[in-house]
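# Close look at the chain arrangement
Residue-level listing of the chains:
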Amino acid sequence: MAPRNVLVVIPPHVGGRASGAGLAALLPDGARVTVVEAADEDPAALRAAHVVVTALAPVTAAHLAAAPGLRLVQCASHGFDYVDSAAARDRGVPVCTIGSSGAEAHNVAEQTFALMLALAKQLVPAHTALTRADWALPRLQRSLTELSGKTLGIVGLGHIGQQVARRAAAFDMTVLYTARRRVSEETEGRLGGARRLPLDDLLRASDYVTLHVPLTGETRHLLDARRLALLKPTAFVVNTARGALIDQDALADALEKGTLAGAGIDVFDPEPPTPALRLLRAPNVVLSPHTAGVTRETLVRIALAAVRNVSAFLGGEPPEDVVNAPG
């Protein structure tokens, strides 16, 4: 029998059952869809599932073992760190993202610049001071700065990183990047003359560093205490990718000691963050609750991209954007 049982898993902190129902309504009429907020919420539905569609909801080795007929895990995101992709590969189950769609690229790039501008212009302390009838200009003007003429280091030059680079060129920033492979000279030219450097060299040279790589075993705590120490004391770090790409305690240390000028953080480890997270109280941070991929426009593109891949798979076509292919 052709696969048709689809389990849509959307946790409460990203919209829950209501968002899941909206996504489910886009699936083909022949699909038998169950919407839950955790993969094991409905054991019978998990056991019968041929496809699991998940948006930041964990899909563990135990979940995979509980679904003997599972044929596909579709992540409604560019990232896939919340799925045990190695265990899925061992079971012959492809794990797919929406990476090639670029569905989140524009908004993540915009959020990256929103955080950079907020840091450069000290918007949060300025706003807070004014709400307290405090004309903070004399105090803040020493730390106000511009993006123009600064060097932006982009860690990861995929769909999102390239959108960030395009915007950086419009701000007259010098663009550096680090990636596994160099992009073509033509692409570098389109991105404002972007230049590839090893990560440590990029960190030493940059005024702003922004992260746009997936979270894997290799990239966890990519920015640890050693690498954060390579940054200029006037530099800023922006993370709109995954919280665990940065050692959050090491980042808090650098901010508290003044060895780093500031940070713009949209993602945390875990999510939502616990009240004990030091970054929530660190100096000169701008924080947002993983809003970089969830505008109205972005959510529509994400849902459509995920549904297209699932629909094609249910129709007998091979899935796209497989991240755990053998070898």
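Structure: see above.
Now for a description of the structure that goes with this document. The structure displayed is predicted, hence computed values, not measured ones.

## Concerning the side chain of D266
Mapped onto the elements of the fold, D266 is located in the loop between strand 11 (262–265) and strand 12 (285–287). Within the buried set, D266 has no salt-bridge partner at all; the shortest N-O distance to an opposite charge, 7.9 Å, is to R242. Here T291 takes part through its backbone nitrogen, which lies 2.8 Å from a polar atom of the side chain of D266. Of note is the side chain of D266, whose polar atom sits 3.1 Å from the backbone nitrogen of A292. Beyond its immediate stretch of four places on either side in the chain, D266 contacts Q111, L115, N239, T240, E271, S288, P289, H290, T291 and A292.

## Brief notes about the sheet that holds strand 11
The strand order across the open sheet formed by 7 strands is 8-7-6-9-10-11-12, and the pairing between neighbours is parallel. Edge positions in the sheet fall to strand 8 (195–196) and strand 12, since each of these pairs with one other strand and no more. Helix 8 (residues 159–170) rests against strand 6 (151–155), strand 7 (174–178) and strand 9 (208–211) of the sheet, and its axis sits at about 175° to strand 6.

## A short note on the pattern of salt bridges
Under the defined criterion, the tally for this structure stands at 15 salt bridges. The salt bridge involving R220 is made with D269; its shortest N-O contact spans 4.0 Å. Taken together, the residues span a long stretch of sequence, with R220 in the loop between strand 9 and helix 11 (225–228) and D269 in the loop between strand 11 and strand 12 at a distance of 49 residues. Relative accessible area serves as the criterion here: at 45%, R220 is assigned to the partly exposed category. Owing to a relative accessible area of 36%, D269 belongs among the partly exposed residues under this scheme. Through salt bridges with shared partners, a single network forms among D249, D253, E256 and R278.

## Considering the nonpolar core
If you look at soluble globular proteins, the nonpolar side chains tend to sit buried side by side. V155, L203, L231, L251, L255 and L260 are the most contacted members of the largest nonpolar core, which totals 34 residues. Mapped onto this core, the elements with two or more residues apiece are helix 10 (199–205), strand 9, helix 12 (248–257) and strand 11. Considering every element that reaches this core, the biggest residue donor is helix 12, with 5 residues. Apart from residues no more than four positions distant in its own chain, L231 is found in contact with L203, V209, V237, T259 and L260. Of all hydrophobic cores here, the second largest spans 28 residues; its members include A109, L119, L157 and M173.

## A closer look at the side chain of T97
With respect to the element layout, T97 can be found in the loop between strand 5 (95–96) and helix 5 (105–120). Take T97: its relative accessible area is 6%, and that puts it in the buried class. Not counting residues up to four positions away in its chain, the partners in contact with T97 are Q74, C75, S77, H78, G79, F80, N309, E320, D321 and V323.

## Examining the environment of R242
When you line up the elements, R242 lands in the loop between strand 10 (236–239) and helix 12. With 28 residues separating them along the chain, R242 and P214 place their C-alpha atoms 7.2 Å apart. In contact with R242, other than residues within four places in its own chain, are L56, S77, G79, D81, Y82, L215, V267 and H290.

## Observations regarding the environment of R308
Residue placement: R308 occurs in helix 13 (residues 296–314). Residue R308 is classed as exposed on the basis of its relative accessible area of 53%. Once the C-alpha coordinates of R308 and A24 are considered, the two residues, 284 residues apart in sequence, prove to be 12 Å apart.

Cut-offs used in this document
Residues numbered from 1 in each chain as written. Predicted model: local features only at pLDDT ≥ 70, side-chain atom pairs only at ≥ 80, totals over all residues. Heavy atoms only, no water. Helix = DSSP H or I, 4+ residues; strand = E, 2+ residues; numbered from the N terminus. Buried < 20%, exposed > 50% of the residue type's maximum accessible area, 1.4 Å probe, protein only. Lys, Arg positive; Asp, Glu negative; His and termini not counted. Salt bridge = Lys/Arg side-chain N within 4 Å of Asp/Glu carboxyl O. Polar contact = N/O pair within 3.5 Å; in protein donor to acceptor, adjacent residues only side chain to side chain. Contact = heavy atoms within 4.5 Å. Pairing = 2+ DSSP bridges. Axes fitted to C-alpha atoms, helices over the stretch in contact; angles between N-to-C directions. Core = buried A, V, L, I, M, F, W, Y, C linked by side-chain atoms within 4.5 Å.

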